[in-house]
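Breakdown of the fold
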Amino acid sequence: MTSLVEKITLAIAALLISIPIAARAQSTDPATERNAIDKLMHEYFETYSRGDMAAVAQDISIPFVIAGSQGFTAFSTRDEAMDWYKKYREAAVKQGYAKTEWIDFGVKLLGPTHAIAGGTYVRYKSDGSELNRSGGTYLLSKIDGAWKIGVNLGYPAKDAFRFE
């Protein structure tokens, strides 16, 4: 367990240290970057809703961190992360889950290579009724020219992060 905590700590430290360097390294059009993240996050929900885990796997970076009511879970391989996603989705499908959609969404760039995105989303049943609502916040990094999700944080909808 200590090794996992150390890996997470090192990953976060590396991310924070790289922000000033990355900010000087390139300039980007903020509207284009926000649109790219918006597109990624909507496609991420669409592919997850369909159960297309190969596509979901392309949207995340490794290491990958999930945070929810049980605390933080870090995955050091794509297979570990996808196993978690499959189990989580299968449990939702047993409750009637069919799809997830954003109802409130925003993006905040943190320099040219990092961003925070999220808001409120609804999970729907196959009959179109609402299964539940949640707040979700995602930390993203631009890796090799593509935005990737590094942290997925879920919490009650009433506490959803609001962007200005």
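In this text the structure is predicted, and so the values were computed from the model without any measurement. (Residues numbered from 1 in each chain as written. Predicted model: local features only at pLDDT ≥ 70, side-chain atom pairs only at ≥ 80, totals over all residues. Heavy atoms only, no water.)

Another aspect to go through is the environment of Gly-145. Within the element layout of this structure, Gly-145 appears in the loop between strand 5 (130–143) and strand 6 (146–156). For the pair Gly-145 and Thr-113, spaced 32 residues apart in the sequence, the C-alpha separation amounts to 8.9 Å. (Helix = DSSP H or I, 4+ residues; strand = E, 2+ residues; numbered from the N terminus.)

Over its 17 residues, helix 4 (residues 78–94) extends 24 Å from the first C-alpha to the last, a length consistent with the 24 Å expected when each residue adds 1.5 Å. By the burial criterion, the buried members of helix 4 are Ala-81, Met-82, Tyr-85, Arg-89 and Ala-92. Taken end-on, helix 4 shows its buried residues confined to a sector of 95°, consistent with a single buried face. Looking at helix 4, the residues exposed on the side facing more than 90 degrees away from the buried face are Asp-79, Lys-87, Glu-90 and Lys-94. Two residues or fewer past helix 4, Gly-96 is found with a positive phi of approximately 100°. (Expected span 1.5 Å × (residues − 1). Buried < 20%, exposed > 50% of the residue type's maximum accessible area, 1.4 Å probe, protein only. Arc of directions from axis to C-beta.)

Turning next to unusual backbone geometry. Residue Ile-62 is joined to Pro-63 through a cis peptide bond whose omega torsion reads 5°. If you check the backbone angles, Asp-144 has positive phi at about 50° while not being a glycine. Relative to the assigned elements, Asp-144 resides in the loop between strand 5 and strand 6.

It is worth spelling out the side chain of Thr-100 at this point. Assignment of secondary structure puts Thr-100 in strand 3 (residues 97–109). A polar contact is formed between the side chain of Thr-100 and the side chain of Tyr-97, at a distance of 2.7 Å. Apart from residues no more than four positions distant in its own chain, Thr-100 is found in contact with Phe-45, Tyr-48, Ser-49, Tyr-121, Val-122 and Arg-123. (Polar contact = N/O pair within 3.5 Å; in protein donor to acceptor, adjacent residues only side chain to side chain. Contact = heavy atoms within 4.5 Å.)

This part covers the pairing of strand 4 (residues 114–125). Among the 12 residues that make up strand 4, 11 are buried, leaving the element largely enclosed by the rest of the structure. Summarising the sheet, strand 3 and strand 4 pair through 11 bridges and their orientation is antiparallel. Paired with Thr-100 across the bridge in strand 4 is Arg-123. Bridge analysis of strand 4 against strand 5 gives 11 bridges, and the strand direction is antiparallel. (Pairing = 2+ DSSP bridges.)

Okay, the nonpolar core next. A general feature of soluble globular proteins is that nonpolar side chains tend to end up buried together. Ranked by internal contacts, the top residues of the largest apolar core, which has 28 residues, are Ile-37, Met-41, Tyr-85, Tyr-138, Leu-140 and Ile-149. Counting only elements with at least two residues in this core, the list comes to helix 2 (30–50), helix 3 (53–59), strand 1 (60–68), helix 4, strand 3, strand 4, strand 5 and strand 6. The leading source of residues in this core is helix 2, at 6 residues. Every residue in contact with Leu-140, bar those within four places of it in the chain, is listed here: Ile-37, Leu-40, Met-41, Thr-113, His-114, Ala-115, Ala-117, Trp-147, Lys-148, Ile-149 and Gly-150. (Core = buried A, V, L, I, M, F, W, Y, C linked by side-chain atoms within 4.5 Å.)

The strand order across the open sheet built from 6 strands is 2-1-6-5-4-3, with neighbouring strands paired in mixed fashion. Single-partner strands in this sheet number two, and they are strand 2 (71–75) and strand 3. Put simply, the sheet's adjacent strands are angled 20° from each other on average, direction ignored. Looking at chain direction, strand 1 and strand 2 are connected through 5 bridges and run antiparallel. (Axes fitted to C-alpha atoms, helices over the stretch in contact; angles between N-to-C directions.)

Two elements in contact, helix 2 and helix 4, have axes whose closest approach is 10 Å; the angle formed by their N-to-C orientations is 65°. By the angle between their axes, helix 2 is roughly perpendicular relative to helix 4. Of the residues in helix 4, those touching helix 2 at Tyr-44, Tyr-48, Ser-49 and Arg-50 are Tyr-85, Tyr-88 and Arg-89. Residue classes in the contact of helix 2 with helix 4 are distributed as 4 nonpolar, 1 polar and 2 charged. (Parallel < 35°, antiparallel > 145°, perpendicular 65-115°, else oblique. Nonpolar A, V, L, I, M, F, W, Y, C, P; charged D, E, K, R; others polar.)

What follows deals with helix 2. Taking 1.5 Å per residue, 21 residues should reach 30 Å; helix 2 reaches 30 Å between its end C-alpha atoms and fits that length. For helix 2, every residue scored as buried is listed here: Glu-33, Ile-37, Leu-40, Met-41, Tyr-44, Phe-45, Thr-47, Tyr-48 and Ser-49. As for helix 2, its buried residues are in contact with helix 3, helix 4, strand 3, strand 4, strand 5 and strand 6. Count one or two residues on from helix 2 and you reach Gly-51, which has phi positive near 80°.

Remember that the coordinates give geometry; whether it matters functionally is a separate question.
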